[in-house]
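Working through the structure, step by step
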Amino acid sequence: MKKQIKIAAVAAAVVLSLSSCKKTYECHCDKVGGGDEHFDIKAKEADAETECKAKQTASPTVYSKCMLE
């Protein structure tokens, strides 16, 4: 019985550690000509920040500023 409890606890810890790192972040980009766009990015926070900033860098004539909200 104790062995089953330990196995269940380890399995729960693994599931929680894998699922808690990636979240859905919203990238808000202001357009050069006015208006804005929002993109959902599912990643770790640092990766989402990088991906959001890359949208502005890749399209500087379209987006004047991109940031996570």
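Residues numbered from 1 in each chain as written. Predicted model: local features only at pLDDT ≥ 70, side-chain atom pairs only at ≥ 80, totals over all residues. Heavy atoms only, no water.

1. Quick word on the side chain of His28
We apply this condition: Counting from the N terminus, the helices are the DSSP runs of H or I reaching at least four residues and the strands are the DSSP runs of E reaching at least two. Two N or O atoms count as a polar contact when they lie within 3.5 Å, although within protein this holds only if one can serve as hydrogen donor and the other as acceptor, and sequence-adjacent residues are included solely when both atoms are side-chain atoms. Contacts: residue pairs with any heavy atoms within 4.5 Å of one another.
Within the secondary structure, His28 sits in strand β1 (residues 23-31). There is a polar contact of 3.3 Å between the side chain of His28 and the side chain of His38. Those residues in contact with His28 that sit more than four places away from it in its chain are Asp36, Glu37, His38, Cys52, Lys65, Cys66, Met67 and Glu69.

2. Looking at the pattern of salt bridges
Going by this rule: By convention in these notes, a salt bridge is any Lys or Arg side-chain nitrogen within 4 Å of a carboxyl oxygen on Asp or Glu. Only protein chains enter the accessibility calculation, which uses a 1.4 Å probe; a residue is then buried when its area is under 20% of its type maximum, exposed when over 50%, and partly exposed in between.
Across all of its chains, the model carries 2 salt bridges by this definition. For Glu37, the salt bridge goes to Lys31, with nearest N and O atoms at 3.3 Å. With a relative accessible area of 25%, Glu37 lands in the partly exposed category. Since its relative accessible area comes to 32%, Lys31 is described here as partly exposed. Linking Lys53 and Glu49 is a salt bridge whose minimum nitrogen-to-oxygen distance equals 4.0 Å. One end of the pair, Lys53, and the other, Glu49, are both in helix α2 (residues 45-58), 4 residues apart, so they sit about a helical turn from each other.

3. A closer look at the state of the cysteines
Our working rule: Cysteine sulfur pairs qualify as disulfides if the two atoms are within 2.5 Å.
Going through the model one piece at a time under the given rule, you end up with 2 disulfides. A sulfur-sulfur distance of 2.0 Å marks the disulfide that ties Cys27 to Cys52. Between Cys27 and Cys52, the S-S torsion sits near 75°, and that sign places the bridge as right-handed. One end of the pair, Cys27, is in strand β1; the other, Cys52, is in helix α2, and 25 residues separate them in sequence. Across the disulfide, Cys29 is cross-linked to Cys66 (sulfur-sulfur distance 2.1 Å).

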